[in-house]
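# Structural overview
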Amino acid sequence: MTILDVHDLVKEYPVRSGLRRRQTGSVQAVSGIGFTLDRGRTLGLVGETGCGKSTLAGCLVRLIEPTAGRVLLDDEDFTALGPEALRAARRRIQMVFQDPYASLNPRMTVRSIIGEALEIHGLHRGREHQRVQELLELVGLDPDHAGRFPHEFSGGQRQRIGIARALAVDPDVIVLDEPVSALDVSIQAGVLNLLERLQDQLGLAYLLIAHDLAVVRHVSDDVAVMYLGRIVEQAPADELYERPQHPYTQALLSAVPVPDPRAERARTRLVLSGDLPSPANPPSGCRFRTRCWKATQVCADEAPQLRTDDRGHQVACHHKELRHVI
Ligand SMILES: Nc1ncnc2c1ncn2[C@@H]1O[C@H](COP(=O)(O)OP(=O)(O)O)[C@@H](O)[C@H]1O
Ligand code: SF4
Ligand SMILES: [Mg+2]
């Protein structure tokens, strides 16, 4: 059952210059993104730094006001809610931030950080203290450490505090913006395993954002690949990793090492040339065309639309022969 339904989401930031700070252009950080997320499922969202992932995440929870588009949360138009209704609805969609150092107030104890969320929504009145302890236990932290400050915890533990804060209000959806990128590789798996366990236990839906396809592989049901503000490919996880169709996804996967050294030596690597173009001045037509080895004139003239085949695989590319377009 669909819990989050996103339609044509757009976010443009004004570009100002000169002494009078006049608007001279705009940065199209998110350029028409749509997807659905079902209860209890995980959609992995992957793309290079600067492609608009955090802007999209911010728009979904309305920390950033989208320029256009709609976000339906359990059929309710989250984008249209006034301040009062928004405050109440925020309970149902929570966010975990990339940097657990910056996102926790260093002057507050863990008890007050998590307790604040309960207070805002008037939850567990009179037993906030117990609830904080339960939440700490749920994320694998010692409940006796509730009186400590964020700097007394390791990076991985701090991210668990961020997760406990998101869980405090019993959300249906959690938007996780690169939740393990700031952590040592050795502790990333522990946090990802915790997220999976919590999902099973609580029926949560996740949008799991990463800049690396390897991170989301084993935790995602579906994976979407984003390039310069748009989704260029989306498919069930196994299908995407086994049969990547978009040249950008193929290049990203080609950069992920394979465990078998013989296979690793034998394979040809696709190397992405050039940098991500500026979203203030994106290429015409297909935005990937300046780095694509298959690009032809039509790629400059027309933006390819996402088309879906019978495996539920969506690709936006003019030169992709879809098996059976539906
Ligand atoms: N407040 C802002 N004002 C202007 N441009 C912004 C702002 N926030 C982000 N951007 C630009 O929007 C683009 C997408 O940024 P972001 O969403 O942070 O990408 P990601 O999370 O994928 O790294 C970048 O080019 C970034 O510089
Ligand atoms: S539409 Fe053209 S430029 Fe874009 S990915 Fe496909 S082949 Fe490459
Ligand atoms: Mg980001």
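Residues numbered from 1 in each chain as written. Chains lettered and ligands numbered in written order. Predicted model: local features only at pLDDT ≥ 70, side-chain atom pairs only at ≥ 80, totals over all residues. Heavy atoms only, no water.

Let us look at the overall build of the protein. Each helix and strand in the protein was counted, giving eleven helices and twelve strands. Relative to its length of 326 residues, the protein is compact, with a C-alpha radius of gyration of 21 Å against a globular reference of 20 Å. Expressed as lengths along the three principal axes of its C-alpha atoms, the size of the protein is roughly 65 × 60 × 45 Å. Counting all 326 residues of the protein, 48% fall into the buried class. Within the protein, residue pairs in contact and separated by at least 24 positions form 62% of the contacts whose partners lie at least 6 positions apart. Carbon and sulfur atoms make up 48% of the accessible area of the protein, which amounts to about 15,700 Å² in all. (Helix = DSSP H or I, 4+ residues; strand = E, 2+ residues; numbered from the N terminus. Rg over C-alpha atoms; globule rule 2.2 N^0.38 Å. Buried < 20%, exposed > 50% of the residue type's maximum accessible area, 1.4 Å probe, protein only. Contact = heavy atoms within 4.5 Å. Areas by Shrake-Rupley, 256 points an atom, 1.4 Å probe, with all protein chains shown as cover.)

On to the pattern of salt bridges, then. Tallied over the entire structure, the rule returns 16 salt bridges. One salt bridge connects Arg 39 with Asp 172, and the closest N-O pair in it is separated by 3.6 Å. Here Asp 172 lies in the loop between helix H5 (155-167) and strand S7 (173-177) and Arg 39 lies in the loop between strand S2 (22-38) and strand S3 (42-46), a separation of 133 residues in the sequence. Take Arg 39: its relative accessible area is 34%, and that puts it in the partly exposed class. Two residues, Glu 84 and Arg 87, come together in a salt bridge whose shortest N-O distance is 3.6 Å. Placement of the pair is Glu 84 and Arg 87 together in helix H2 (residues 83-89), with a separation of three residues, close to one helical turn. For Glu 84, a relative accessible area of 61% gives the class exposed. A single network of salt bridges, built from pairs that share partners, joins Arg 39, Asp 74, Glu 76, Arg 92 and Asp 172. (Salt bridge = Lys/Arg side-chain N within 4 Å of Asp/Glu carboxyl O.)

Taken in spatial order, the four strands of this open sheet run S2-S1-S4-S5, and their pairing is antiparallel. Of all strands in the sheet, those with a lone pairing partner are S2 and strand S5 (76-77), marking the two edges. When strand S1 (residues 2-17) meets strand S4 (residues 68-73), the two strands line up antiparallel, connected through five bridges. Its bridge partner being in S4, Leu 4 is matched across the sheet by Leu 73. Packed on one face of the sheet, helix H1 (residues 53-61) meets S1, S2 and S4 and runs near 120° to S1. (Pairing = 2+ DSSP bridges. Axes fitted to C-alpha atoms, helices over the stretch in contact; angles between N-to-C directions.)

What the eight strands build is an open sheet, ordered S6-S7-S8-S3-S9-S10-S12-S11; its pairing is mixed. Only two strands of the sheet have a single partner each, and these edge strands are strand S6 (93-96) and strand S11 (307-308). One ladder, built from five bridges, connects S3 with strand S8 (residues 205-210); its direction is parallel. What sits directly across from Val 46, in S8, is Ala 210. Docked against the sheet, H1 engages S3, S6, S7, S8 and strand S9 (222-227), running at close to 150° with respect to S6. Contacting S3, S7 and S8, helix H6 (residues 185-202) runs over the sheet at an angle of about 160° to S8.

Counted under the stated rule, the structure contains three aromatic pairs. Ring centres of Tyr 227 and Tyr 248 lie 4.7 Å apart, and the angle between their planes is 65°; this geometry places the pair in the edge-to-face category. With Tyr 227 in strand S9 and Tyr 248 in helix H9 (residues 247-254), this residue pair connects regions lying 21 residues apart in the sequence. For Tyr 227, a relative accessible area of 1% puts it in the buried group. (Phe/Tyr/Trp six-rings, centres within 6.5 Å; stacked < 30°, edge-to-face > 60°.)

A few words on the site of ligand 1. Taken together, Tyr 13, Val 27, Ala 29, Glu 48, Thr 49, Gly 50, Cys 51, Gly 52, Lys 53, Ser 54, Thr 55 and Pro 279 form the complete shell of residues around ligand 1. A distance of 3.3 Å separates an oxygen atom of ligand 1 from a polar atom in the backbone of Cys 51. Contact between ligand 1 and Ser 54: an oxygen atom at 2.8 Å from a main-chain N or O atom of the residue. Coverage of ligand 1 by the protein chains reaches 61% of its 570 Å² of free accessible surface. Taken together, the elements giving at least two residues each to the shell around ligand 1 come down to S2 and H1. (Near = heavy atom within 4 Å. Polar contact = N/O pair within 3.5 Å; in protein donor to acceptor, adjacent residues only side chain to side chain.)

Quick look at the side chain of Arg 131 now. Looking at where Arg 131 falls in the secondary structure, it is placed in helix H4 (residues 128-138). Judged by relative accessible area, Arg 131 falls into the buried class, the value being 11%. Setting aside chain neighbours within four positions, we find Arg 131 in contact with Leu 118, His 124, Leu 167, Ala 168 and Asp 170.

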